[in-house]
Amino acid sequence: MNSQKGFTLLELLAVLAVSAVLLTIALPAWNAAMAKGRASAARAALTSTVLDSVRYSALAGVEVVACPSSPTGGCADTWDWTSGWIAFVDTDGNRTRETTEKVVHSEAALEGGIRLRSTSGRRRIVFQPNGGNAGSNVTFTFCHADRAIEATALVMSNAGRIRAAPATALSAAACEA
């Protein structure tokens, strides 16, 4: 007797149907986990910029300005930091980066739908040699374009201390818009 080995079409369709159901369940969870990882990396990058700026400002005795970066290498006039940011030594005190002013830290654009917004009035953060920053407290809100993660915030006081906090409904809505 001659027997053939293999799968029937019905068995193959059943396996494909089960696989499709599993992928439908697992894919959104995977995307959310990836978004959380990217948001965590963005928070770490911003924290690194703040620490580098405070350290450089205190050691060199100069003011360091952090701002959203523009395509020309200067500061963009926005509170949207999603396209990346820079921190530079502000030797002339005009809060604008000249080509002769040293870049202390730069960060590339955020990827994967992660967005970063600062308090609407804070387009630049000026770190002073005493360790603080000029102006009022600033809140940085992290969110995802399609709400794959909950919006979170980093709050920096005038003294330069950073703390994590839940994002307010207003700042989360502004970030996601």
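Just so it is clear, the model here is predicted, and its values are computed rather than measured.

1. As for the overall build of the protein chain
Part 1: Each helix and strand counted, the protein chain has two helices and nine strands in total.
Part 2: Sequence-ordered secondary structure for the protein chain, helices as α and strands as β, is α-β-β-β-β-β-β-β-β-β-α.
Part 3: Over its C-alpha atoms the protein chain spans a radius of gyration of 23 Å, topping by over 25% the 16 Å that the globule rule assigns to 177 residues.
Part 4: For the protein chain, the spread of C-alpha atoms along the principal axes amounts to about 95 × 35 × 25 Å.
Part 5: Accessible area of the protein chain: about 10300 Å², with a carbon and sulfur share of 60%.

2. With respect to the packing of aromatic side chains
Part 1: What the rule picks out here adds up to two aromatic pairs.
Part 2: A centroid spacing of 5.2 Å and a plane angle of 90 degrees characterise the contact between Trp-81 and Phe-140, whose relative ring orientation is edge-to-face. Taken together, the residues Trp-81 in the loop between strand S1 (64–68) and strand S2 (85–89) and Phe-140 in strand S7 (residues 138–144) connect sequence positions 59 residues apart. Just as Trp-81 is buried, Phe-140 falls in that class too.
Part 3: Every member of this aromatic cluster is reached through a ring pair, and the members are Trp-81, Trp-85 and Phe-140.

3. Things to note about the confidence of the model for the protein chain
Reading predicted coordinates in detail is not appropriate for stretches of low pLDDT.
Part 1: Residues at a pLDDT of 70 or more form 98% of the protein chain, whose mean pLDDT is 87.
Part 2: The secondary structure element of the protein chain with the lowest average pLDDT is strand S6 (residues 133–134), at 82, and the one with the highest is S2, at 96.

4. Brief notes about the state of the cysteines
Part 1: For the structure on display, the rule yields two disulfides.
Part 2: The disulfide bridge from Cys-67 ends at Cys-75, spanning 1.9 Å between sulfur atoms. Taking the sign of the S-S torsion, about -75 degrees here, the bridge from Cys-67 to Cys-75 comes out left-handed.
Part 3: By relative accessible area, Cys-67 is classed as buried at 0%.
Part 4: Under the relative-accessibility criterion, Cys-75 is labelled buried at 16%.
Part 5: Across the protein chain, the way the bonded cysteines pair up, counted in sequence order, is 1-2, 3-4.

5. Observations regarding the sheet that holds strand S3 (residues 103–107)
Hydrogen bonds between backbone atoms are what pair the strands of a sheet, whose relative direction is either parallel or antiparallel.
Part 1: Read from one edge of the open sheet, five strands run S3-S2-S1-S5-S6, paired in antiparallel fashion. Here the strands that pair on one side only, and so sit at the sheet edges, are S3 and S6.
Part 2: Pairing of S2 with S3 involves four bridges; the strand directions are antiparallel. Across the sheet, Ala-87 pairs through a bridge with His-105, a residue of S3.

6. Notes on unusual backbone geometry
As a rule of thumb, non-glycine residues mostly have phi less than zero, and peptide bonds are mostly trans rather than cis.
Part 1: Of note in the backbone geometry, Arg-95 takes a positive phi value of approximately 65 degrees without being a glycine.
Part 2: Its location among the elements puts Arg-95 in the loop between S2 and S3.
Part 3: Judged by its relative accessible area of 25%, Arg-95 falls in the partly exposed class.

Procedures and definitions
- Residues numbered from 1 in each chain as written.
- Predicted model: local features only at pLDDT ≥ 70, side-chain atom pairs only at ≥ 80, totals over all residues.
- Heavy atoms only, no water.
- Helix = DSSP H or I, 4+ residues; strand = E, 2+ residues; numbered from the N terminus.
- Rg over C-alpha atoms; globule rule 2.2 N^0.38 Å.
- Areas by Shrake-Rupley, 256 points an atom, 1.4 Å probe, with all protein chains shown as cover.
- Phe/Tyr/Trp six-rings, centres within 6.5 Å; stacked < 30°, edge-to-face > 60°.
- Buried < 20%, exposed > 50% of the residue type's maximum accessible area, 1.4 Å probe, protein only.
- pLDDT = per-residue confidence, 0-100.
- Disulfide = S-S within 2.5 Å.
- Pairing = 2+ DSSP bridges.

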